[in-house]
Amino acid sequence: MTECVNCGKDYKQLGLHWRGQKCDYPTIPDKKKEILTGLLMGDGCVSNNAETAHMVVMMTNREFLEYIDKLMGYLTTGVKLDRTAEEQEKMAQKGGTGFASDNPDFKPLYKLTFRTHPFFNTLHEWYSTGKKVWPEDVTITPLLLKMLYVCDGSIHKDKRTEGSRPTITIGASNERENSEKIADMFHRAGFEMYWSGDSISATTEESQAMWRYMGSPPPGFDYKWPENFKA
């Protein structure tokens, strides 16, 4: 049972309660919208197989998903195991893609599901071309960038150069043909990025500025911040 933030009553299926128009959908605060937008730019996906869309985030980092689950409160239905490590390995052996084929450790995959909400209908418009594409009007904020970075970003260090400092790279394969849009998006936030294959990268100085901009790491992702990075 989950309490409706509007009427104060408990419901087993809170999404149905809202969708049945027995109570208005709650207003999502701007900070939570930044988190949701950043997650969708990364590992999140939005499904609209009903009148009102919902969102799902899947990853191997259970600690982070449980942090988001607690942060979002009534907007989520909890973190659940989607595939065991053994199932991940079997998928890789069958030629699967994603985590299973790219992760030699074959960690369990977890799923965080968000309740239906009209805000997700808006986010579903990102799929109008048949694949997820970031809209031009995305405004990068520290919180949004942090969510994108923990999902699709990585930290690197040139082992060939003694004393080198780590840098940031963010995977963005769906956006490779939209280089000007991405450059402008980050430029508005005060950062200059460059393309490296299907990823966008920052110089050493820009990376340090980005870590300062994002602030402290969220639970489960300390290792992506330079003070905890082990080359």
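Along every chain, residues carry numbers that run from 1 in the direction the sequence is written. Local features are withheld for residues below a pLDDT of 70 in this predicted model, meaning they are given only at 70 or higher, and side-chain atom pairs are given and counted only at 80 or more; totals for whole chains, interfaces and linings count all residues. Excluding hydrogens and water, the side-chain values take into account all heavy atoms of the structure.

## What to know about the nonpolar core
The cut-off we apply is this: Among buried residues, the Ala, Val, Leu, Ile, Met, Phe, Trp, Tyr and Cys ones that are joined through side-chain atoms within 4.5 Å form a nonpolar core. The classification of residues rests on relative accessible area computed with a 1.4 Å probe and restricted to protein chains. Under 20% of the type maximum is buried, over 50% is exposed, and intermediate values are partly exposed. Contacts: residue pairs with any heavy atoms within 4.5 Å of one another.
Core analysis: the largest hydrophobic core is formed by 57 residues, its most contacted members being Leu-39, Phe-114 and Phe-186. Not counting the four nearest positions on each side in its chain, Phe-114 is found in contact with Leu-36, Leu-39, His-54, Met-55, Val-57, Ile-68, Met-72, Leu-75, Thr-76 and Phe-120.

## Concerning the confidence of the model for the protein
Short version of the rule: Values of pLDDT, the confidence the predictor places in each residue, fall between 0 and 100.
Residues with a pLDDT of 70 or more make up 92% of the protein, whose mean pLDDT is 89. Counting contacts from residues 99-103, a segment whose pLDDT is below 50, to residues more than four positions away or on other chains yields twelve contacts.

## Overview of the sheet that holds strand E7 (residues 153-156)
Our working rule: We treat two strands as partners when DSSP finds at least two bridges between them. A helix here means a DSSP run of H or I that spans at least four residues, while a strand means a run of E at least two residues long, and both kinds are numbered starting from the N terminus. Only C-alpha atoms enter the line fits that serve as axes; for helices the fit covers just the stretch in contact. Angles between N-to-C directions range over 0 to 180 degrees.
Here four strands make up an open sheet; going across it, the order is E7-E8-E10-E9 and the pairing antiparallel. Edge strands, defined here as strands with exactly one partner in the open sheet, are E7 and strand E9 (194-196). Strand after strand, the sheet turns through a mean of 35 degrees between neighbouring axes, direction not considered. When E7 meets strand E8 (residues 167-171), the two strands line up antiparallel, connected through four bridges. Across the sheet, Gly-153 pairs through a bridge with Ile-170, a residue of E8. Against the sheet, helix H9 (residues 204-214) engages E7 and E8, with an angle of about 75 degrees to E8.

## Details of the environment of Val-138
Examined against the element boundaries, Val-138 turns out to sit in the loop between helix H6 (118-124) and helix H7 (142-152). Residue class for Val-138 comes out buried when judged on its relative accessible area of 5%. Between the C-alpha atom of Val-138 and that of Phe-186, which follows or precedes it by 48 residues, the distance is 9.7 Å. Not counting chain neighbours up to four residues away, the residues in contact with Val-138 comprise Met-41, Trp-126, Leu-144, Met-185 and Arg-188.

## Looking at the pairing of strand E4 (residues 54-59)
With five of six residues buried, E4 is to be regarded as a mostly interior element. Relative to E4, strand E3 (residues 44-47) is paired through four bridges, and the arrangement is antiparallel. Its bridge partner lying in E4, Gly-44 is registered against Val-57. The hairpin formed by E3 and E4 contains six residues between the paired strands. With four bridges joining them, E4 and strand E6 (residues 109-114) adopt antiparallel strand pairing. Residue Val-57 lies in a different strand from E6, and its bridge partner there is Leu-112.

## Considering the pattern of salt bridges
Stated formally: Here a salt bridge means any side-chain nitrogen of Lys or Arg lying within 4 Å of a carboxyl oxygen belonging to Asp or Glu.
Going through the model one piece at a time under the given rule, you end up with six salt bridges. Salt-bridge contacts for Lys-111 lead to Asp-82; the nearest nitrogen and oxygen are separated by 3.9 Å. One end of the pair, Lys-111, is in strand E6; the other, Asp-82, is in strand E5 (residues 76-83), with 29 residues separating them in the sequence. Classification of Lys-111 as partly exposed rests on a relative accessible area of 27%. On the basis of relative accessible area, Asp-82 is assigned to the partly exposed category, the value being 27%. Here Asp-184 makes a salt bridge to Arg-188, at a shortest N to O gap of 2.5 Å. A residue pair is termed a helical-turn pair when its members lie 3 or 4 positions apart in one helix, as Asp-184 and Arg-188 do in helix H8 (residues 179-188) at four residues. One network of salt bridges, in which partners are shared, links Asp-82, Arg-83 and Lys-111.

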